Amino acid sequence: MFDVILAMVEVSVLFAQSGLEALTPLQAITENGMAALAVGLAALGAGYAERGIGSAAIGAIAEDESLFGTGLIMTVLPETLVILALVVVFLVG
Amino acid sequence: MSVKETEGTSNYEYVTARVKARRAKLFDEEDYRKLLRMGPGEISRYMEETEYETEINALGARYSGVDLIEYALNRNLAKHFEDLLQWADGRLYTLIARYLRKFDAWNVKTVIRGLYSGADSETIAEDFIYAGEFDRRFLDRLAEAGSIEEAVELLEGTRYGDSLTEAFADYEETGVLIPMENAVDRTYYEGLIGGVSDTDNRANQLYADFLRAEIDFRNVRNVLRIARSGADIDPDEYFIEGGDLFGASELQQLSGSLDELVTYIRDSTYGDDLADALDRLEDADSLIEFEHALDAALMEYSDRLSHVFPISICPVLSYILAKEREVENIRAVARGREAGLSQDEIETELVML
């Protein structure tokens, strides 16, 4: 873990020396990049949550088709995570 | 036929969702109350309007009365349990299959008994419950075996192979089926517990506990029957390893006296759960009620587990037990009505929660 951080610091120092103005010495990634990463991680979390809910919903729908609506809504609920994460993009960008 | 090598992770969410939906569709007290007032013909008509519609319709032309109900129940049970095995992946599959091998044992015993009594292959196949791990083709081949020896040979590659081959020698000497049936049962119960306890997951540990309880109860039941019948049977022969409650030597001691046995169970870990049942056993002296109380205790325990661990094997187990119980209950009602028992008498045969 520590090595990685050190490596990142070194790289960022190199960046700084080579005259990439946008990056401060301890920064290997831009603010926008960070925001994009946050959205990506949130989407990953949402996807993982949907995996379980989705398979349970499909199971329930297979038994009783009237549950389609409920199942669909439950399945996409974790999608709110991504929407909230998108807020970060607007705050930063 | 043999254990399917499963890959991938367990799909608990999918299976438990489906199982819970099916659990909700089982007959409740209200249904039983209605059934209790019906004759066999009416019961099959009533079943036609429920879960059992397909089976009743499919078998309606061939059978009638209680036979129709019985075959429809077996077929429906097989359908549902086969579904379970089809849905489940990975570790969940092995956990479910472990329990459902009960039906393999049942089928193997059906074959052996059928061949012993000289029934033709069709009659044997009628009594199969296709719910275990053996697939249809293999079972049909078994039913077509010409003699018990052939059947044993066919079973050689399966888990029952070794013990059956051994028991077959006994059978040839004595000419009675008991050693072979015991061998099958024993293999089933030994396979039930083996390898499940070394898991770290709390829910799986509880599942192992549950299986152990099942073995203990089976032992208790056997000892009680031996003690009650007063027959000179060595309880050792019927002892199943793997339970917590007793070892073989304790069982031997206790089988002599009912009172001692009751006190022993009362002091064991099951004492609280079975307090009611034990009281009733002492008061009414009724073995049937006690056995039903054991069943009810197991069912209640599995139900509680399924609430505590919703995403685990537990809801599936509780469904399996409830479904089995339902089938037994309906059968008891139908048979009871046919034999002309009174409502009260039939009611004592039912196990409801």
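Provided above is the structure to which this section pertains.
None of the values given here were measured: they were computed from a predicted structure. (Residues numbered from 1 in each chain as written. Chains lettered and ligands numbered in written order. Predicted model: local features only at pLDDT ≥ 70, side-chain atom pairs only at ≥ 80, totals over all residues. Heavy atoms only, no water.)

(A) The overall build of chain A, seen in detail. Looking only at helices and strands, chain A has four helices and zero strands in total. Listed N to C, the secondary structure of chain A is α-α-α-α in terms of helices and strands. Taken over 93 residues, chain A has a buried fraction of 19%. For chain A, restricting intrachain contacts to residue pairs at least 6 apart in sequence, the fraction spanning at least 24 positions comes to 56%. As displayed, chain A offers around 6,600 Å² of accessible surface, 76% of which is attributable to carbon and sulfur atoms. (Helix = DSSP H or I, 4+ residues; strand = E, 2+ residues; numbered from the N terminus. Buried < 20%, exposed > 50% of the residue type's maximum accessible area, 1.4 Å probe, protein only. Contact = heavy atoms within 4.5 Å. Areas by Shrake-Rupley, 256 points an atom, 1.4 Å probe, with all protein chains shown as cover.)

(B) Highlighting the interface of chain B and chain A. Between chain B and chain A, the residue contacts involve eight residues of the former and nine residues of the latter. Interface area for chain B against chain A, summed over the two sides, is near 700 Å², with a carbon-plus-sulfur share of 53%. For chain B, the biggest contributors to the area lost against chain A are Glu13, Tyr14 and Arg18 of chain B; these three give 62% of the whole. Remark: the boundary between chain B and chain A carries four salt bridges. One salt bridge connects Glu63 of chain A with Lys25 of chain B, and the closest N-O pair in it is separated by 3.7 Å. In this structure, the connection of chain B to chain A is made through three residue pairs in polar contact (both at pLDDT 80 or more). It is helix 1 (residues 12-24) of chain B that provides the largest number of residues to the side of chain B that touches chain A, a total of six residues. (Buried area = accessible area lost by both parts, 1.4 Å probe. Salt bridge = Lys/Arg side-chain N within 4 Å of Asp/Glu carboxyl O. Polar contact = N/O pair within 3.5 Å; in protein donor to acceptor, adjacent residues only side chain to side chain.)

(C) Structural context of empty space enclosed by the protein. Residue and element names in this part refer to chain B. By the definition in use, this model includes one cavity of 30 Å³ or more. By volume, the largest cavity is sized at about 50 Å³. Forming the walls of the largest cavity are Arg22, Lys25, Leu26, Glu51, His80, Tyr319 and Lys323. In terms of residue class, the lining of the largest cavity is made up of two nonpolar, one polar and four charged. (1 Å grid on protein atoms, 1.4 Å probe; cavity = no way out; pocket = protein on both sides within 12 Å on 5 of 7 lines; lining within 4 Å. Points joined across faces, edges and corners; volume = space filled by probe spheres on them. Nonpolar A, V, L, I, M, F, W, Y, C, P; charged D, E, K, R; others polar.)

(D) Examining a nonpolar patch on the surface more closely. Residue and element names in this part refer to chain A. A contiguous nonpolar surface patch, about 490 Å² in accessible area, is contributed by Ile29, Met34, Leu37, Leu41 and Leu44. On the secondary structure map, Met34 appears in helix 2 (residues 31-63). What makes Met34 partly exposed here is its relative accessible area of 47%. (Patch = residues over 30% accessible without salt bridge, like charges linked within 9 Å, V, L, I, M, F, W, Y side chains within 5 Å.)

(E) Spotlight on the packing of helix 3 (residues 40-48) of chain B against helix 17 (residues 314-339) of chain B. Residues and elements named next belong to chain B. Where helix 3 contacts helix 17, the axes come no closer than 9 Å and their chain directions differ by 155 degrees. Relative to helix 17, the element helix 3 is oriented roughly antiparallel. Between helix 3 and helix 17, the residues in contact are Pro40, Ile43 and Met47 and Ile330, Val333, Ala334, Arg337 and Glu338, respectively. Residues of the contact of helix 3 with helix 17, tallied by class, amount to six nonpolar, no polar and two charged. (Axes fitted to C-alpha atoms, helices over the stretch in contact; angles between N-to-C directions. Parallel < 35°, antiparallel > 145°, perpendicular 65-115°, else oblique.)

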